[in-house]
Amino acid sequence: MKQVPAEYYQLMEQLQTVDFVLVELTLYLDTHNDDIEAINQFNHYVKERKHLKKAFESQFGPLLQFGNSYSGYPWNWDDTPWPWQV
């Protein structure tokens, strides 16, 4: 496996943190669907996640397959390390 720069891990940790927040807010909103503050927080973190995903993928390649992420040229889905390998 090739050497991974520190920024890879920093962006991955930020993505994981935002994903955790989104899961928790989703669970909360399932039972508090009229909490406008929680909805605003959820939408804020959705936007933040899109920004982080774009930053990660532009430097390190796709996070997800099956049309969830664009591929660079040449096809870079098989470039390692994959997100679940670190």
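Everything that follows concerns the structure shown earlier in this document.
The structure contained in this document is the topic of the report that follows. For clarity, every value in this text was computed on a predicted model and none was experimentally measured.

What follows deals with the pattern of salt bridges. If you walk through the whole model with that rule in mind, you get two salt bridges. Here arginine 49 and aspartate 19 are joined by a salt bridge, their closest N and O atoms 2.4 Å apart. A residue pair is termed long-range when its members are at least 10 positions apart, and arginine 49 in helix H2 (residues 36-60) and aspartate 19 in helix H1 (residues 6-31) qualify at 30 residues. The exposure class assigned to aspartate 19 is partly exposed, which follows from its relative accessible area of 27%. As a salt-bridge pair, lysine 53 and glutamate 57 come within 3.3 Å of each other at their nearest N and O atoms. Placement of both lysine 53 and glutamate 57 in helix H2 is noted, with a separation of four residues, approximately one turn of the helix. Here lysine 53 matches glutamate 57 in class, with each residue buried.

All right, on to H2 then. Between its first and last C-alpha, H2 extends 36 Å over 25 residues, near the 36 Å set by a 1.5 Å rise per residue. Looking at H2, one finds that the buried residues are Ala38, Leu52, Lys53, Phe56 and Glu57. Each element contacted by the buried residues of H2 is listed here: H1. Among the residues of H2, the N-terminal cap falls to aspartate 35, whose side-chain oxygen and the backbone nitrogen of glutamate 37 are separated by 3.1 Å.

Reading the values: the criteria
Residues numbered from 1 in each chain as written. Predicted model: local features only at pLDDT ≥ 70, side-chain atom pairs only at ≥ 80, totals over all residues. Heavy atoms only, no water. Salt bridge = Lys/Arg side-chain N within 4 Å of Asp/Glu carboxyl O. Helix = DSSP H or I, 4+ residues; strand = E, 2+ residues; numbered from the N terminus. Buried < 20%, exposed > 50% of the residue type's maximum accessible area, 1.4 Å probe, protein only. Expected span 1.5 Å × (residues − 1). Contact = heavy atoms within 4.5 Å. Polar contact = N/O pair within 3.5 Å; in protein donor to acceptor, adjacent residues only side chain to side chain.

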